[in-house]
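Working through the structure, step by step
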Amino acid sequence: MSQILDKTVLEDELAVSLARAVAAANARARREGVEIHRSLVTAEEHTSAGELCWRISYGPRDYVNRRGGDVVIDVGLEDGQVRRVLRGQ
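Things to note about the sheet that holds strand 1 (residues 39–48)
The strand order across the open sheet formed by 4 strands is 1-2-3-4, and the pairing between neighbours is antiparallel. The sheet is open, and its two borders are formed by strand 1 and strand 4 (82–87), each paired with just one other strand. When the angles between neighbouring strand axes are averaged without regard to direction, this sheet yields 20 degrees. As judged from the 6 bridges shared by strand 2 (residues 51–60) and strand 3 (residues 71–76), these two strands associate in the antiparallel manner. Its bridge partner being in strand 3, isoleucine 56 is matched across the sheet by isoleucine 73. Packing of helix 2 (residues 13–31) onto the sheet brings it into contact with strand 1, strand 2, strand 3 and strand 4, and relative to strand 2 it is tilted by some 50 degrees.

Some remarks on the environment of leucine 14
Within the fold, leucine 14 resides in helix 2. Separated by 25 residues in sequence, leucine 14 and serine 39 place their C-alpha atoms 23 Å apart. Not counting residues within four places of it along the chain, the set of residues in contact with leucine 14 comprises Glu45 and Trp54.

Structural notes on the pairing of strand 4
Inspection of the sheet shows strand 3 paired to strand 4 by 5 bridges, in the antiparallel sense. Along strand 4, the bridge assignment pairs valine 71 with arginine 87. Connecting the antiparallel pair strand 3 and strand 4 is a turn made up of 5 residues, with glycine 80 showing a positive phi of about 70 degrees.

Thresholds, definitions, all that
Residues numbered from 1 in each chain as written. Predicted model: local features only at pLDDT ≥ 70, side-chain atom pairs only at ≥ 80, totals over all residues. Heavy atoms only, no water. Pairing = 2+ DSSP bridges. Helix = DSSP H or I, 4+ residues; strand = E, 2+ residues; numbered from the N terminus. Axes fitted to C-alpha atoms, helices over the stretch in contact; angles between N-to-C directions. Contact = heavy atoms within 4.5 Å.

This is the structure we're talking about:
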């Protein structure tokens, strides 16, 4: 179900920054072999090399009794560019 975004949403810098980061991280995660629809996706602010980034994590939805295998992608807060990709074991 698509919905037209209200002008106030599009003017919310934080919301737009996060949306851009998730889109960039999703594209990279797919290239890394992550099945996004089967992942539990979380986002948080993170500092990497003195720069504020979004840290987007992709883990298994069925995480009980399962360890590792997460993919974590850091995306620049200002420009939406992927900074770093980490893979759990």
